[in-house]
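Fold and geometry: a report
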Amino acid sequence: MTSINTNTSAIAALQSLRSVNASLQTTERHVSTGLRVEKAADNAAYWSVATTMRSDNKAISAVQDALGMSSAVVDTAYTAVSSSINVMSEIKSKIVAAHEKGVDKTKIDEELTQLKQQLRSTIESASFNGESWLVWDTGDDSKDKQIVSSFVRDGNGGVQLAMMTYPINTPPPLTDTNVQYFVDNGGSGEYGILSSGAFAFQAGAAKNYILLKGATVPASSVEITLDNSTTTAELEDMLKTVESMTKQMIAVGATLGSLSKRIDMQASFARDLSESIDSGIGRLVDANMEEESSRLSAAQTRQQLAVQSLSIANSAPRNILNLFQG
């Protein structure tokens, strides 16, 4: 039966066209954004996971920046340590040269003065962005150095930052040579390798020799200087003191070198982890452009056919007029 009031064919064709248009709009959105899951309505589970991981990836990116900053601080300190050890070798050679009979020790002392000035200049310039790991200035410098190493999310959804630690030892005067700073500019010198009398004391020297003065100098500390009255025994004590200081400087350099290597490894891991997360997010929400291209072409064809079908259905009532024409 054909009705002029209700065109069921047109209704069906219109419904088909609406469905095709909706499918075409979805495909076009996937193509234009490159995403098959753009909002929670597309796939709530995948959208939730992807949004969380994007947030985590930003945190990992911040960790990479922090590692880069820490690497610069550590590398700056290590460079100064390496240079200072070379200067210490020169100082030892001058003290050894002072053992020779007839040598003018005052001339050697002038060279020692220049070397000590070079040491202080090297150490005090070893700062990056205002942070120095070789000079103790205030009580805050007695705290262990903390370096952000990673961002961690546990199985329960909790988050935390993992840290690397560079331990700082600040012993009482003359008790311990395990110190990490080279100069103590904020106290009486005991927290700096070159300003602490502990090295001479522990080496059994008759005097508590130091190479560089701190902010204040204890009455028991004696700066290493030479003149023609300096005895062989004093030279031996000075040499033992400088050697003991150099050994601790080498130990600090080794620790900094190991820390620098670990930072580099952690930074490399953070980069790889970030790339893996990006890849994982892509698998969840990115559109397959080859498939979307095929869907787009098919949807456009279906749209054209649906339009033609609706046109044909809309022309059916007009054909009824032919029945009434004589």
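Residues numbered from 1 in each chain as written. Predicted model: local features only at pLDDT ≥ 70, side-chain atom pairs only at ≥ 80, totals over all residues. Heavy atoms only, no water.

1. Topic: the packing of aromatic side chains
Counted under the stated rule, the structure contains two aromatic pairs. On the basis of an interplanar angle of 65 degrees and a centroid distance of 4.9 Å, the ring pair of W136 and Y191 is categorised as edge-to-face. With W136 in strand β3 (residues 135–136) and Y191 in the loop between β6 (183–184) and α4 (198–202), the pair connects residues that are 55 residues apart, well separated along the chain. The two residues W136 and Y191 agree in class, both being buried. (Phe/Tyr/Trp six-rings, centres within 6.5 Å; stacked < 30°, edge-to-face > 60°. Helix = DSSP H or I, 4+ residues; strand = E, 2+ residues; numbered from the N terminus. Buried < 20%, exposed > 50% of the residue type's maximum accessible area, 1.4 Å probe, protein only.)

2. Digging into unusual backbone geometry
In this structure, N129 takes a positive phi of about 55 degrees despite not being glycine. Position of N129 relative to the elements: it lies in the loop between β1 (127–128) and β2 (131–132). Look at N129 and you get exposed, because its relative accessible area is 67%.

3. Let's talk about the side chain of K116
Here K116 lies in helix α3 (residues 105–124). We classify K116 as buried; its relative accessible area is 5%. Here K116 is in contact with L211, L212, E223, I224 and T225, once residues within four sequence places are set aside. (Contact = heavy atoms within 4.5 Å.)

4. Quick notes on the pairing of strand β5 (residues 159–166)
Each regular strand shows side chains that alternate between the opposite faces of the sheet. Here eight bridges tie strand β4 (residues 145–153) to β5, and the two strands are oriented antiparallel to one another. Within β5, the residue paired with K145 across the bridge is Y166. (Pairing = 2+ DSSP bridges.)

5. Some details on the nonpolar core
Counting residues in hydrophobic clusters, the biggest one holds 52 residues, and the most contacted among them are M88, I91, W133, F182, I193, L194 and L211. If you list the elements that add at least two residues to this core, you get α2 (44–97), α3, β3, β5, α4 and α5 (232–285). The element best represented in this core is α2, accounting for 12 residues. Residues in contact with W133, not counting those within four places in the same chain, are V73, V74, A77, K145, I147, Y166, Q180, Y181, L256 and L259. Core analysis: the next-biggest nonpolar cluster, separate from the first, contains seven residues, A50, I60, A270 and I281 among them. (Core = buried A, V, L, I, M, F, W, Y, C linked by side-chain atoms within 4.5 Å.)

6. Looking at the side chain of D237
By the element assignment, D237 lies in helix α5. Apart from the residues within four sequence positions on either side, D237 is in contact with A205, A206 and Y209.

7. Observations regarding the environment of L226
Here L226 is to be found in the loop between β8 (221–223) and α5. Residue classification places L226 among the buried residues on the basis of a relative accessible area of 5%. Sequence separation between L226 and I108 is 118 residues, and the spatial gap between their C-alpha atoms is 7.3 Å. Apart from residues lying up to four places away in sequence, L226 is in contact with A98, K105, T106, I108, D109, L112, L235 and M238.

8. Some words on the pattern of salt bridges
Evaluation of the coordinates by the stated rule reveals 10 salt bridges. Where E111 meets K94, a salt bridge forms, and the shortest distance between an N and an O atom there is 3.0 Å. Taken together, the residues E111 in helix α3 and K94 in helix α2 connect sequence positions 17 residues apart. K116 serves as the salt-bridge partner of E223, at 3.0 Å between the closest nitrogen and oxygen. Of the two residues, E223 sits in strand β8 while K116 sits in helix α3, which places them 107 residues apart along the sequence. Residues participating in the shared-partner salt-bridge network are K116, K213 and E223. (Salt bridge = Lys/Arg side-chain N within 4 Å of Asp/Glu carboxyl O.)

Taken by themselves, the reported measurements are silent on function.
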